[in-house]
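One-letter residues, chain by chain:
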Amino acid sequence: MPGSPSRALVVAAVLAGLITAGTSDPATARDASGPRVLFSFTDERIDESSGLVVRDGLALTVNDSGDDPVVYAVAAASGDTVGVTAYSSDDVVDVEALAPGIDGGVWVGDLGDNRRARSSVDVYRLGEVGAGERTVQAARYTFTYPGGPSDAETLLVHPRTGRLFVVSKELLRGGTVYRAPRKLDESTIHRLAPVAAAPRMVTDGTFLPDGRHLLLRTYSRAVVYTFPGFELVGEFELPEQEQGEAVAVDEAGRLVLTSEGEGSEVLRIDLPADVAAALGTTPTQAAPSPEPAANSPDTAAQASDAPDPASPEQEAEDRDRVWFVAGFAVFALVAGLLVRAFLRRSRRKR
């Protein structure tokens, strides 16, 4: 019967298949090679792992919104929690990120703002975090965005200078990479400065060990850029996870991925061969840039960084935007067909 719901559903299925085929670009849809399950979290308190640092046989992580201001230290050999560090006597709003500091410490990003309602966001600097229970009072730095509130889940710390970067998370358009001032003061509200464009829906990121490249991840893919130029190096699909939220780099330059969910698996992957080749060297061969002579957190925060980055390649972002708009158009078309068929059927029944 012309205009029936069954025919509309067939049309919807065909159009959905065309969209899926169109987004399977062989240059960008390659699976990351050899995912390996390192462990699964055994601690039921870790149910929304949203930030990750891997070092010295430990996986350090933080929960998404709703948890206390704590960092969990998990033994990578077993998945068992071996340490908990409480870092503030104040409540946190929406912790979304964890980044390694150049002094052996970590930085915690209380950056989440789904409703775009926060007048400012906070980043905490902790000293060494490891096994055992401890309470510390971390240094707390406050930031605002130049264009008003923004949601973010990514905190980057340059491995040589200690300079901070925040990457916003946007659904309908690309995000933005923001740079923090060189000098940080707990008594000052700092203004972040935009320096580069980013993909949509960035959930985390990390500098690679050489300090000359960085990687940003979404729920399903990863994009590698040069630094400080932010030129596109390559991109690739990530292993499927329930809700891929975090990424870290281990001592060998391999990527480690986590996902939200109680008992979630922590995966390890190598960079795909073509991306590693585009870097000019594998991460395991790259010698880290030298650290400042005075390796203190305050010196790291004030250290001079490279020149201002330029805008990155827009090809990947533009391609995603085109398919995103096309998807909405198809959805509207299918919805219209279904409504039209329903109304015709209703009139005939009368």
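This structure is a prediction, so every number in the text was calculated from the model and none was measured. (Residues numbered from 1 in each chain as written. Predicted model: local features only at pLDDT ≥ 70, side-chain atom pairs only at ≥ 80, totals over all residues. Heavy atoms only, no water.)

Undergrad: Sorry if this is basic, but what is going on with the nonpolar core here?
TA: Most often, soluble globular proteins keep nonpolar side chains buried together rather than apart. Core analysis: the largest hydrophobic core is formed by 19 residues, its most contacted members being Trp107, Leu111, Phe143, Leu155 and Leu164. Of all the secondary structure elements, the ones that give two or more residues to this core are strand S6 (97–100), strand S8 (121–128), strand S10 (139–144), strand S11 (152–157) and strand S12 (164–168). One finds Val53, Val92, Val95 and Leu98 within the second-largest nonpolar core, a separate group that totals 16 residues. (Core = buried A, V, L, I, M, F, W, Y, C linked by side-chain atoms within 4.5 Å. Buried < 20%, exposed > 50% of the residue type's maximum accessible area, 1.4 Å probe, protein only. Helix = DSSP H or I, 4+ residues; strand = E, 2+ residues; numbered from the N terminus.)

Undergrad: Honestly, the sheet that holds S12 in this entry has me stumped. Any pointers?
TA: In any sheet, the strands associate via hydrogen bonds between backbone groups, in a parallel or an antiparallel arrangement. Taken together, the four strands give an open sheet; going across it, the order is S11-S12-S13-S15, and neighbouring strands pair in antiparallel fashion. The open sheet is flanked by S11 and strand S15 (193–198), the only strands paired with a single partner. Geometrically, the sheet is characterised by an average inter-axis angle of 25° between neighbouring strands, direction not taken into account. Alignment of S11 against S12, held across five bridges, turns out to be antiparallel. Bridged to Thr154 within S12 is Val167. (Pairing = 2+ DSSP bridges. Axes fitted to C-alpha atoms, helices over the stretch in contact; angles between N-to-C directions.)

Undergrad: Help me understand the confidence of the model for the chain in this model?
TA: Reading fine detail from the predicted coordinates is not recommended where pLDDT is low. For the chain, the average pLDDT comes to 81, and 71% of its residues sit at 70 or higher. Per-residue pLDDT stays below 50 along residues 1–32; that stretch engages in 41 contacts with residues further than four places along the chain or on separate chains. (pLDDT = per-residue confidence, 0-100. Contact = heavy atoms within 4.5 Å.)

Undergrad: What is the right way to look at the side chain of Glu170 in this model?
TA: If you trace the backbone, Glu170 turns up in the loop between S12 and strand S13 (175–179). If sequence neighbours within four positions are ignored, Glu170 has contacts with Arg116, Ser150, Gly175, Arg200 and Met201.

Undergrad: Any chance you could explain the pairing of S10 here in plain terms?
TA: If a strand is regular, its side chains alternate between the two faces of the sheet. Counting buried positions along S10 yields five of six residues, so the element is predominantly enclosed. The sheet contact formed by S8 and S10 spans five bridges and is antiparallel. Counterpart to Arg125 in the pairing with S10 is Ala139. Looking at chain direction, S10 and strand S14 (residues 189–191) are connected through three bridges and run parallel. When the bridges of S14 are listed, Thr144 appears paired with Arg191.

Undergrad: How should I be thinking about the packing of aromatic side chains in this particular structure?
TA: In this description, a pair of aromatic rings is defined by centroid distance and the angle of the planes. Summed over all chains, the structure comprises nine aromatic pairs. Geometrically, the ring pair formed by Tyr225 and Phe230 is tilted, given 6.4 Å between the ring centres and 50° between the ring planes. Here the two residues Tyr225 and Phe230 agree in accessibility, since each one is buried. Chaining the aromatic ring pairs together yields one cluster made of Phe165, Phe207, Tyr225, Phe227 and Phe230. (Phe/Tyr/Trp six-rings, centres within 6.5 Å; stacked < 30°, edge-to-face > 60°.)

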